[in-house]
Amino acid sequence: MNTGRRSRILMIYTGGTIGMIENPDSHALEPYDFEHLLDNVPKLKMLRFDIDSIQFEHPLDSSSMNPTHWGEIAKVISDNYDRYDGFVVLHGTDTMAYSASALSFMLENLAKPVIITGSQLPIGEVRTDGEENLITALQIAAARDSEGNPVVQEVAILFENYLWRGNRATKHSADNFNAFKSNNFPQLAKIGLGITFNREALWRPLKDREFKVHYNMDTNVMYIDLFPGISEHTVRHLLSTPDVKGVVLKTFGAGNGPTDKWFINAIKEAVARGVVIVNITQCSNGSVHPLRYVTGLELAQAGVVSGHDLTSEAAIAKLMFLFGLGLSTDDVKRYMEYSLCGEMST
Ligand code: ASP
């Protein structure tokens, strides 16, 4: 039943270009406070729902974000979960896809919208994209269906013309207003004259599951990005990084790597030491198909797990999350091949 009650939205300002101003001496953009941001969007008062806001004590350029900050965002959402119908997180674009991926795992059984947005130009600039992004994000966070349920029940990124699933999105342009893209999953909504939701693509959590927040993210993870000519010394050195538990291996094409004996042996030895190695493709679109070529098959036989079509951001965040839960190596491997909240197509 739609109760007709006004939606209540909580805005969480973490920093990013949207709220930045130019330093008068260096002319570089730096984070500024939230009041400044609100002063620049008087139209907020025209929205017919209640908006409260909260800001990070020290707003950040998102390049300085780390799992502690993700935990702070998650805590604000958890503390206010019952009081609000939806959440809008204002965040820098640089690491937005990492935060969106991490939050999608940390906020288990989320059944309310967490819409992350930001902008390419500061909100105080005449041609800013920030005002439109902020207003659209708020409207999406407040949207309810005819039964009164939130239309979006997941972590999503709203940017310019599209709403993307958070753990499927990637920043693909440092210059365009349409800065985000999801290469392996359709948009959740298209923004034009109106907001058109793609109902089939929207995530639906299992009913009656308790909302639970996980704060522990284990940072003993890393990427290894293959290139033709990568040396044995480099590969062995990286795989023996102290305390490393999980490696996202970025491979060629459908999940292929060199078949040199030393390479396969180095991988096998790391797997035998308990390191979880996840295979994702360097291609921006498509999936790992470990059985298609012998070069992929050998990796699979060496104990490398397929990351299917995970984005690189979701792959690293998922490893941090699973190790943060304290799972065994075998369980981490198992869950890496299984979709927890729509992050991969399996
Ligand atoms: N460097 C900025 C940040 O990620 C870029 C942006 O917000 O667009 O915080």
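Residues numbered from 1 in each chain as written. Predicted model: local features only at pLDDT ≥ 70, side-chain atom pairs only at ≥ 80, totals over all residues. Heavy atoms only, no water.

Visitor: Can you help me understand the site of the ligand in this one?
Guide: Around the ligand sit G16, T17, D61, S62, G92, T93, D94 and S119, and those are all the residues in its vicinity. The side chain of T17 places a nitrogen or oxygen atom 2.9 Å from an oxygen atom of the ligand. The separation between an oxygen atom of the ligand and a polar main-chain atom of S119 is 3.2 Å. When the free accessible area of the ligand is taken as 270 Å², the share hidden by the protein chains comes to 90%. The residue makeup of the shell around the ligand, split by class, is no nonpolar, six polar and two charged. (Near = heavy atom within 4 Å. Polar contact = N/O pair within 3.5 Å; in protein donor to acceptor, adjacent residues only side chain to side chain. Areas by Shrake-Rupley, 256 points an atom, 1.4 Å probe, with all protein chains shown as cover. Nonpolar A, V, L, I, M, F, W, Y, C, P; charged D, E, K, R; others polar.)

Visitor: Would you mind showing me how to read the pattern of salt bridges here?
Guide: Pairs can form between side chains of opposite charge once their charged atoms are near each other. In this structure the tally under the stated criterion is 13 salt bridges. Put simply, E232 and R236 hold a salt bridge, and the shortest N to O gap is 2.9 Å. With E232 and R236 both in helix α5 (residues 232-239), this residue pair falls four residues apart, about one helical turn. Judged by relative accessible area, which is 28%, R236 ranks as partly exposed. (Salt bridge = Lys/Arg side-chain N within 4 Å of Asp/Glu carboxyl O. Helix = DSSP H or I, 4+ residues; strand = E, 2+ residues; numbered from the N terminus. Buried < 20%, exposed > 50% of the residue type's maximum accessible area, 1.4 Å probe, protein only.)

Visitor: Where do I start with the environment of N279 in this structure?
Guide: Note on placement: N279 falls in strand β17 (residues 276-281). Taking the relative accessible area as the measure of exposure, N279 reaches 2% and is therefore buried. For N279 and T251, which are 28 residues apart along the polypeptide, the C-alpha to C-alpha distance reads 6.6 Å. Not counting the four nearest positions on each side in its chain, N279 is found in contact with L249, T251, G255, V288, L299, V304, V305, S306, G307 and H308. (Contact = heavy atoms within 4.5 Å.)

Visitor: Would you mind showing me how to read the nonpolar core here?
Guide: Judged by nonpolar contacts, the single largest core of 55 residues is most densely connected at I77, L107 and L319. It is helix α8 (residues 312-324) that provides the largest number of residues to this core, a total of nine residues. Not counting residues up to four positions away in its chain, the partners in contact with I77 are I12, F87, L107, V114 and F211. Y13, A143, V152 and I191 belong to the second-largest nonpolar core, a separate cluster that totals 34 residues. (Core = buried A, V, L, I, M, F, W, Y, C linked by side-chain atoms within 4.5 Å.)

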